[in-house]
Structure formats: structure tokens, C-alpha cells
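Commentary on secondary and tertiary structure
Listed below are the residues making up each chain.
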Amino acid sequence: MQCEGCQKNAATVHLTDVSNNTKKEIHLCESCAKLQGVTIKSYLHKSPTYPELLTQLVHSQSEAPADEKDVVCPRCGITYRKFRSTGKFGCPNDYSVFKKGLFNLLEKIHGKVEHKGKVPLRASDQIVKQKELRALRADLEKAVREEAYERAAQIRDRIYGLEGRQGEV
Amino acid sequence: MESIELQSSGGEWLAGTGPESDIVISSRIRLARNLAEFPFLSKATQKERGQIERRACEALLKAKIAEDMRYHSLPPLSPIDRLFLVERHLISREHALGKGPRGVCLAARETTSIMVNEEDHLRMQGLRSGFQLRTTWEQVDDVDTKLERVLDFAFSPQLGYLTVCPTNVGTGMRASVMLHLPALVMTRQIDKVFQALSKINLAVRGLYGEGTQASGDFYQISNQQTLGKSELEIIETIERVIPKIMEYERTVRENLLEQRREVIEDKVWRAFGMLQTARTINSEETMDLLSAVRMGVNLRIIRDVEIPTVNELFILTQPAHLQKMERSELNSPERDITRATYIRNRLAGRAAGNGSQGDGRGGGKEDRKAK
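Summary of the structure given here. (Residues numbered from 1 in each chain as written. Chains lettered and ligands numbered in written order. Predicted model: local features only at pLDDT ≥ 70, side-chain atom pairs only at ≥ 80, totals over all residues. Heavy atoms only, no water.)

**Focus: the interface of chain B and chain A**
Between chain B and chain A, the residue contacts involve 62 residues of the former and 45 residues of the latter. Summed over both partners, the interface of chain B with chain A comes to about 4400 Å²; 57% of that surface belongs to carbon and sulfur atoms. A per-residue breakdown of the area chain B buries against chain A is headed by Gln158(B), Pro166(B) and Arg188(B), which together make up 14% of the total. Taken together, chain B and chain A are joined by three salt bridges. Two residues, Lys118(A) and Asp141(B), come together in a salt bridge whose shortest N-O distance is 2.5 Å. (Contact = heavy atoms within 4.5 Å. Buried area = accessible area lost by both parts, 1.4 Å probe. Salt bridge = Lys/Arg side-chain N within 4 Å of Asp/Glu carboxyl O.)

Printed below as a string of C-alpha cells:
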């Protein structure tokens, strides 16, 4: 199919415009589409796999200082450099050994660096308590923002309860 | 050699009975977990892999996940049996093709599967029919809780569950829904959906997950981010977005019926006709035609075929399933003939199973339907 813009290139962008119940199809080549302000994104057919994506992300980072790249995990023996090239850790300990460069990366991937989900039963009560407190504080902020003061007071009391404090005014 | 029994009915998720099952095929939740005292599999020796597998199996036995729980070690299984598990979405392709001690534990009518020594030490999956992420999450959460009573998972208070790949750290959870979106594909609206989804950090993949092509107009939508949100928050994000896509697909279907009824009916009936009459057919063409038939059944264009039959055909016509039914290894041209025969028989309302009974003739019922 020929591009309806330049009448030269093959049309690779197909637009369907429906207005007043009339459907209009427009077929353009990529450059004409760009000229008309169409953003092209090709999905699925070549979306990067996770390791690819990760490697790209890692490479897009500013170079870590040389000394950091050579940090070695005493437990599994992999270096930060090795992790960067494979996108895979060697053992759970790597998360603390490579902490410095890692947080930057995790923020790029996930947008956040703080776990908010399930906690294993075996993890100490302390963790559970801290998590709950954090969640409650967020709820409290939200309640205050929404001017739901009664709910806010209840949440506050629960926070105090967890912190082992008496209710204050 | 150990062999996996063929269940003619397929897993629960194929039933086509779950909520919104005209569009949502299945809901899936998987959790990645690692044993704290072992290195990740990227660094584990063969001996350690064996130890991890043994530890996992002991834990599975102790945890009593379900009555019908069964562990299959993969190395003793034939390549066909392994592919069979892939086709049923019970293990990943990588797991089937992997090396060394590894396996899968199946339970609760295949709604629970736990891969041992895949990318992470454990990958627990819940898979259910239709749109029911929450029920699926509760199921996997329960399995995880039972297992963590007997296993010590690698966990950090700051970063959550620690995984081989930093893309899974935190909840270790991937929640996904498989959608059938033929009308959006037909009208080329599907890209718009993908664009919108990528803006809210949801990924779109093909039928068999990461790195696979979309086929049969099936798309899997899943979360990309695993850290910083709770499991339920992640599920809620997907739960909010799916109804919008379903509505979009349904609207386009209705518009098509209103404005281009002949075009859509023609597509559906031609597909149905081909499947009823073909003498040799490959997997890809089967998927495309079944997709049109599935839409036709949902739009009540075709009235005497049930959705579960179509859903089953998607799976049972795949290479390993065909070979298991035939109880022999078949090369590709042989499979295409077997597949065509099986589909003809099935659509003519004959019993499933031992495809050898196919005589190559469709029977009178087909003539009636083909009008």
C-alpha cells in the first residue's frame, strides 16, 4: 500500500478516524506520519525481554566509579561488573553488597525502592510493625488531605497504639 | 520413562466459566521466591541445585498444599511431555528446555503449579479461568504462606523478596490476565490500547508470555513493576484497567455488527467452514481461525458451538497435545493432518480423544452448519 501523503513510500502507519459515525482510514509512511504529529511506537512485535531491558537500563546509567564495578560479593564471588553484564545476581547477599549502584537502578525499574507488600511470617514482628506504621501514616496523610478528620483520629490512635504511646490531643 | 497422563478436560482455567470469560480467558498470579541459605541458580552448582530441589520437595510435602498435589521431575520426562506442560501454561518454555535438577509441582486441578529451579528457586503460579485475579492471588498467597512455615525465603525488610533478576524484587509478583481481543485487532485499534497501557507501566505480551508473538488475538497484560506497591495495589491497577479494555472490545464488536455485519459474519463463517473442512492445517492458521470462531460464538453468530469447546481446541490442537492424544511422535506434516481431523471431529460434536477414529469425513452435521 502506498503512502497517501508523499505517494512514494510504502504505508506502514494505518490510522482509523471515526467521527459522526463515519470511519475514515488514512495510510501513511512513517515520515509523513511523523510530519502529521503521529507518535509511532511499535509494541509486541519487538518488545525487549526483561534481561534485554535491564541491560539497556543498566547501560543508560552513568558509569559507576571504577572501584564500585570491582566490588566482589564475598559469598557468591560475582562482581558488580558481572551483574551489569548479565542482569542477574549470584546470591541474596548481592543486594546488600551492591547496594550503592543498585538503588539507582531499582528506582529506574520500579520507580520506588521500598517494599510495601507481603512480609514472611518468620520476619520479626518489628518489620511487620514498621510496615504497618508506614501504611497507617500514609493513610493518615490521605485522610487529612481529604479532611476526613474522624477517620484521621482513628488512624492516629492506631499509630499511637502500635508505637506504644498514649493518645495525645 | 515417566509419562504425564493426558487429561482430556484440560485445566480449570479452560472451562470458560469464570467472570467475563467472553473476553478474559484466564487470570494468573506468579510469585518468585528463593531459599535464603542457597546461592541463586545463576551461581548454584549441580549439587546445590539437587539440594534445592530436595529441600523444596520436602517442604511441599510438609506444607500439604492440596490433596491432589503431584511433583514431576523434568529431566526424566520426554520432550513431548515437557512441551505438553508448556502448552498448558503450567511451566515456562525456558523451564522445559532447561538443564539439571528441576521440576514442577501441580495441584488443585492444575490451578496451582510450582516450578522448582526455574529462574528463581521457586516460581508459584495460580491460574484460573476468567477475570478473577483476587481469588487467584488468595490461592497463591495461601500456598506461599504454607511454604514459608517450612522454608526460609530470601527477604530484606527494605527490598522485599530477593530474586535473581532485579526486575522481580519486592513482591516477586507478576499478575497477568489473558485477553481475547479480535475486534480491536481487526479494526487496528489495538495499538492505542498498548500505548495507554505502557503509560501506566503495564506490559503486553503474546500467548506464551515473555518474548512470544501474539497469536489467535490473545494478549497477556501484566504488571512490570514489582517493588514499591503491595500485591493488592498491583492487582487493583490491573483490575481498574481491564474493564475499560473489555468495554472497548465489546463496543467495537457491536459497532462492527451494526455497521459491517456482512464483513464480520463472513470472517466468522469462513473460519468455521475452513475448520470444518480442512484436511491439513498448521498451528498458526488454526489459532487465527479459532479466534474468529470464538468471536462468532460470543456474538451469537455461531450458536451450536460452546465456548469451552473452542477454548479446548486452542490447547488440544497444539503439537504436544496432539502427539499425546495419538500416543506417538508425529512430524510436522503428520501433525497438520491429525490436527485437521481432530478439529473436524470435534466441531461435528464427536467425542474428544484418540484421534485415530477420525475417518476424514465430516458427516451430515457439518452440512447443516455450513449453510
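**Quick look at the nonpolar core**
If you look at the biggest cluster of nonpolar residues, it comprises 95 residues, and the most contacted ones within it are Leu122(B), Met124(B), Leu147(B) and Ile242(B). It is helix H7 (residues 231-259) of chain B that contributes the most residues to this core, 10 residues altogether. There are two domains that each give this core at least three residues, and those are domain 1 (12-252) and domain 2 (261-370) of chain B. Residues contacting Ile242(B), with those up to four places away along its chain left out, are Val24(B), Phe131(B), Val177(B), Leu179(B) and Ile221(B). With 21 residues, the next largest nonpolar core counts Phe98(A), Phe40(B), Leu159(B) and Leu162(B) among its residues. (Core = buried A, V, L, I, M, F, W, Y, C linked by side-chain atoms within 4.5 Å. Buried < 20%, exposed > 50% of the residue type's maximum accessible area, 1.4 Å probe, protein only. Helix = DSSP H or I, 4+ residues; strand = E, 2+ residues; numbered from the N terminus. Domains from an automatic or database assignment.)

**Overview of the packing of helix H8 (residues 261-277) of chain B against helix H9 (residues 283-298) of chain B**
Residue and element names in this part refer to chain B. Interhelical geometry of H8 versus H9 gives an angle of 125° and a closest axis separation of 8 Å. What the angle tells us is that H8 and H9 run oblique. Note that H8 runs across H9; the crossing there is left-handed. Judged by residue contacts, Ile264, Lys267, Val268, Ala271, Phe272, Met274 and Leu275 of H8 engage Glu285, Leu289, Leu290, Ala292, Val293, Met295 and Gly296 from H9. Grouping the amino acids of the contact of H8 with H9 by side-chain chemistry returns 11 nonpolar, one polar and two charged. (Axes fitted to C-alpha atoms, helices over the stretch in contact; angles between N-to-C directions. Parallel < 35°, antiparallel > 145°, perpendicular 65-115°, else oblique. Left-handed = near helix turned anticlockwise from the far one by under 90°. Nonpolar A, V, L, I, M, F, W, Y, C, P; charged D, E, K, R; others polar.)

**Here we look at the sheet that holds strand E5 (residues 122-129) of chain B**
Residues and elements named next belong to chain B. Strands sit in the order E2-E3-E4-E5-E1-E8-E10-E9 across an open sheet of eight strands; the sheet is antiparallel. What marks the edges here is a single partner per strand, and that holds for strand E2 (70-73) and strand E9 (202-205). Direction aside, neighbouring strands of the sheet carry axes that sit 20° apart on average. Of the strand pairs in this sheet, strand E1 (residues 24-33) and E5 are connected by eight bridges, and their pairing is antiparallel. Directly across from Ala32, in E5, lies its bridge partner Arg123. Docked against the sheet, H7 engages E1, strand E8 (173-180), E9 and strand E10 (218-223), running at close to 10° with respect to E8. (Pairing = 2+ DSSP bridges.)

**Remarks on empty space enclosed by the protein**
Take a probe with the size of a water molecule and roll it over the atoms, and the empty space left behind shows itself. Residues and elements named next belong to chain B. For the coordinates displayed, the defined rule picks out one cavity of 30 Å³ or more. Taken as a whole, the largest cavity holds about 90 Å³ of empty space. If you go around the largest cavity, you meet 12 residues; those closest to its centre are Trp13, Leu207, Phe218, Phe314 and Ile315. Of all the elements, helix H10 (residues 307-316) adds the most residues to the lining of the largest cavity, at three residues. (1 Å grid on protein atoms, 1.4 Å probe; cavity = no way out; pocket = protein on both sides within 12 Å on 5 of 7 lines; lining within 4 Å. Points joined across faces, edges and corners; volume = space filled by probe spheres on them.)

**Focus on the pattern of salt bridges**
Across all of its chains, the model carries 24 salt bridges over all chains by this definition. The partner of Arg250(B) in a salt bridge is Glu20(B), and the shortest N-O contact between them spans 2.9 Å. In this pair, Arg250(B) sits in helix H7 while Glu20(B) sits in the segment before E1, placing the two residues 230 residues apart along the sequence. It is possible to trace a salt-bridge network through shared partners that takes in Lys118(A), Arg33(B), Asp141(B) and Asp144(B).

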